[in-house]
Amino acid sequence: QVQLVESGGGLVQPGGSLRLACAASGTISSILTMAWYRQAPGKQRELVAVMTSGGGKNYGDSVKGRFTISRDNAKNMAYLQMNTLKPEDTAVYYCYANVRLLTIQTKDYWGQGTQVTVSS
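All values reported here derive from a predicted model rather than from experimental measurement.

## A closer look at the state of the cysteines
Right, on to step 1. Under the definition given, this model contains 1 disulfide.
Right, on to step 2. Disulfide pairing places C22 opposite C95 at an S-S distance of 2.0 Å. When the S-S torsion is -80°, as for the bridge of C22 with C95, the disulfide is left-handed. With C22 in strand β3 (residues 18-26) and C95 in strand β9 (residues 91-101), this pair connects stretches of sequence that are 73 residues apart.

## Structural notes on the pattern of salt bridges
Right, on to step 1. By the definition in use, this model includes 4 salt bridges.
Right, on to step 2. Linking R38 and E46 is a salt bridge whose minimum nitrogen-to-oxygen distance equals 2.6 Å.
Right, on to step 3. A residue is classified by how much of its surface remains accessible, and R38, at 6% relative accessible area, is buried.
Right, on to step 4. Relative accessible area serves as the criterion here: at 35%, E46 is assigned to the partly exposed category.
Right, on to step 5. Residue D89 is joined to R38 by a salt bridge in which the shortest nitrogen-to-oxygen separation is 2.9 Å. Placement of D89 in the loop between β8 (77-82) and β9 and of R38 in strand β4 (residues 28-39) is noted, with a sequence separation of 51 residues between them.
Right, on to step 6. Take D89: its relative accessible area is 1%, and that puts it in the buried class.

## So, the environment of L102
Right, on to step 1. With respect to the helices and strands, L102 occurs in the loop between β9 and β10 (106-110).
Right, on to step 2. Residue L102 is classed as exposed on the basis of its relative accessible area, which comes to 59%.
Right, on to step 3. Expressed as a C-alpha distance, the spacing of L102 and S25, which sit 77 residues apart in the sequence, is 12 Å.

## Comments concerning the packing of aromatic side chains
Right, on to step 1. Considering all chains together, one arrives at 3 aromatic pairs under this definition.
Right, on to step 2. Summarising the aromatic geometry, the rings of Y37 and Y96 are spaced 6.2 Å apart at their centres and angled 75° between planes, so their arrangement reads as edge-to-face. Residue Y37 is located in strand β4, and its partner Y96 is located in strand β9; the two are separated by 59 residues in the primary sequence.
Right, on to step 3. The buried category is assigned to Y96, whose relative accessible area is 14%.
Right, on to step 4. Within the aromatic cluster, the residues linked to one another by ring pairs are Y37, Y96 and W110.
Right, on to step 5. Across the ring face of Y79, the terminal group of R19 is positioned such that the distance to the ring centre comes to 4.1 Å.

What counts, and at which threshold
- Within every chain, residues take consecutive numbers counted from 1 along the sequence as written.
- Given that this is a predicted model, residues contribute local features only at a pLDDT of at least 70 and side-chain atom pairs are listed and counted only at 80 or more, while totals for whole chains, interfaces and linings are drawn from all residues.
- Working from all heavy atoms in the structure, the side-chain values ignore hydrogens and water.
- Cysteine sulfur atoms are paired as a disulfide whenever they fall within 2.5 Å.
- Only DSSP runs of H or I reaching four residues or more are called helices, and only runs of E reaching two or more are called strands; each is numbered from the N terminus.
- By convention in these notes, a salt bridge is any Lys or Arg side-chain nitrogen within 4 Å of a carboxyl oxygen on Asp or Glu.
- Only protein chains enter the accessibility calculation, which uses a 1.4 Å probe; a residue whose area is less than 20% of its type maximum is buried, one above 50% is exposed, and one in between is partly exposed.
- We call Phe, Tyr and Trp rings a pair once their centres come within 6.5 Å, taking the six-membered ring for Trp, and we label the pair stacked below 30 degrees between planes, edge-to-face above 60, and tilted otherwise.
- Two conditions define a charge sitting above a ring: the NZ of Lys or the CZ of Arg must be within 6 Å of the ring centre, and it must be within 35 degrees of the ring normal.

By themselves, these observations are geometric and do not establish any function.
Shown next, in the form of structure tokens:
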């Protein structure tokens, strides 16, 4: 019904920047919430940033001041600008969306993830 595809991951040196993108497609009426989560090896998945359709934003404590989430509602896209990256930011980053479908019901969807590695 709905697919989320992340892009933009890769290898970056400490202090560098990356921009992740998430494209949502399918039987979408509207997207209520979009978010980025991450999961490092041996750790639980954690919230990185979340943004509502109305523009409200929230961030995980470890990324505040360094990461910025944004959305293009017309294109059903979400972005994560990551600056001043640290080795501890290394993880698989997942896009999440709470979607109102054309059938009016709402459902949660996840992307397949994109690897971000911060290393010198």
